[in-house]
Structure formats: structure tokens, C-alpha cells
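# Observations on the three-dimensional arrangement
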Amino acid sequence: MPIRKENPVNKLIRTSLLGLVVLPLAAQTPGFSVAGGPILGFESLKKATNNTLAFQIGADYTGHDLGSDIPARAGLALASMPGKDWNGLKTSLLLTQLHGDILLPLPRIHGYGILGASLNTWSMSKSGTEDTEDPLDRDHHFPIRDAKGLKLGLRVGVGFNLTRNLALEAVIQQTELAGKDLEDPLVRQGGINPGWLNLDIRFSF
């Protein structure tokens, strides 16, 4: 009977999310940290907010992965993604994220690689009046109707240790937000999966 190979992306997501549950029990040298910094959004985020600038803050707990010396990290982050006016409409997003990362040592650059996954919930605020008289007038409709539900995401990045307690991190994130809504009577932007770059300063206790 042939052995079925597991998709590497699914394996990464499963391993990272498992870390959210087992990390507090698996940690050998526990440590807490806080981080914050600007978000540079990609075009996929701009489709939702008409803006590429945002801000994130968060707190994390770092230990070690089960059965290895590779550091693992779990944390909670909040991101504010304010919208800009677009044809009289404005859509702003607030992200609450639970994430799990594996930290791969990169001694040559005095840093570490970051590979992880996230669970995300969005809240959305809208202002302006959309054109409901013309269902095809996409330029005068909000980009999405709602952002309900639990969404998955991936994280990849690099960190640089400045001191024992201070580090700089650059993390690219890709998340789900809204798929194509077949029950929506208005034509909108369609499926939107925002991506962005986090530039964080991290302080470890």
C-alpha cells in the first residue's frame, strides 16, 4: 500500500497551531516579550481599506518545541488597520490574532528565522452610503459585506538581536478575510486575503 505524503504547508500549519496548545507545557526556559510597530500593507490589504499603513501590538510567550532545542513562541496580537476614503466610502479593520511560531537560529546574522501560523478574527467598521440602486456599481460599494468567522493565516520572517532583551523583526503575513459572497446582491471587490509586512521592535523580559 503506497504511503501518502503530507502536504508541507498543511504540516507547517498543523505544527504551528499545535504549539499554541502545548507550548506552555513544553517550555523549558519560559520567557515573555512584548512587541509593536508599523504595518506596511500589500495591495491585497489596500483592496479592503484603501490604505497601506497600520499598526500592531502584541505579547508572546517563548519556550522550546517538544523533544528539541528549537525555540517556539505563542502570542496574541492586536492590529488596527484604518481605512481611507474611497468614493465617499471608508472601511476600517481591527484584527485580533492568536499565533504560533517556530524560531530557527541564524547565528551568522545574530538572529533567527520565523515560521508560523495564525488564527484570526476581524471586526469591521464602515462609513458612507453605498449605491444600492445599481448592484453592478462596484466602485460605489463597500469592498466586502462582512468579516465574520475564524480565519487562518501564515507567517514568515526574520529577527535580529540587538541586545539580549531587544530585537527587531520583519514578518510577512498572509491571512483570510472574505471570500466571494454568492448571496450578496451587490457586486464587490470579491475574495480578499490581506497580506502585509510587520516591522516590530520586541522587548523580552
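Going along each chain's sequence as written, the residues are numbered from 1 onward. Restriction of local features to residues with pLDDT of at least 70 applies here, the model being predicted, together with a cutoff of 80 or more for giving and counting side-chain atom pairs; totals for whole chains, interfaces and linings are based on all residues. Side-chain metrics in this entry use all non-hydrogen atoms of the structure; hydrogen atoms and water are not considered.

## Re the overall build of the chain
To qualify as a helix, a DSSP run of H or I must reach at least 4 residues; to qualify as a strand, a run of E must reach at least 2; elements of each kind are numbered from the N terminus. From N to C terminus, the chain includes two helices and eight strands. Listed N to C, the secondary structure of the chain is α-β-α-β-β-β-β-β-β-β in terms of helices and strands. Here the chain holds 205 residues, and the buried ones make up 41% of them. Contacts between residues were defined by any pair of non-hydrogen atoms, one from each residue, lying within 4.5 Å. The long-range fraction of contacts in the chain, counting pairs at least 24 apart against all pairs at least 6 apart in sequence, stands at 65%. Areas reported here follow the Shrake-Rupley algorithm with a probe of radius 1.4 Å; residue values treat only the protein chains shown as occluding. Only carbon and sulfur atoms are counted for the fraction: they give 62% of the accessible area of the chain, which is about 11600 Å². Think of it in three bands: with a 1.4 Å probe and only protein chains considered, a residue is buried below 20% of the maximum accessible area for its type, exposed above 50%, and partly exposed in between.

## Section: the layout of surface pockets
The computed volume of the largest pocket comes to approximately 600 Å³. Elements that contribute at least two residues to the lining of the largest pocket include exactly β1 (31–41), β2 (53–64), β3 (71–81), β4 (90–106), β5 (111–127), β7 (166–175) and β8 (195–204). If one sorts the elements of the lining of the largest pocket by residue count, β4 sits on top with four residues. Its residues assigned to classes, the lining of the largest pocket shows eleven nonpolar, twelve polar and four charged. Think of a 1 Å grid over just the protein atoms. A cavity is a set of points where a 1.4 Å probe fits yet cannot get out, a pocket is an open set with protein on both sides within 12 Å along at least five of seven lines, and lining residues have an atom within 4 Å of a point. Grid points are joined across faces, edges and corners, and a volume is the space filled by probe spheres set on the points. Think of it as three bins: nonpolar holds Ala, Val, Leu, Ile, Met, Phe, Trp, Tyr, Cys and Pro, charged holds Asp, Glu, Lys and Arg, and polar takes everything else, Gly as well.

## Considering the packing of aromatic side chains
Two rings belonging to Phe, Tyr or Trp (six-membered ring only in the last case) form a pair when the distance between their centres is within 6.5 Å. Interplanar angles under 30 degrees mark stacking, angles over 60 mark edge-to-face geometry, and anything in between is tilted. The full count for this structure, using the stated rule, is three aromatic pairs. Judged by centre distance (6.3 Å) and plane angle (85°), the ring pair of Trp122 and Trp196 falls under edge-to-face. A residue pair is termed long-range when its members are at least 10 positions apart, and Trp122 in strand β5 and Trp196 in strand β8 qualify at 74 residues. The burial state of Trp122 is the same as that of Trp196; both residues are buried.

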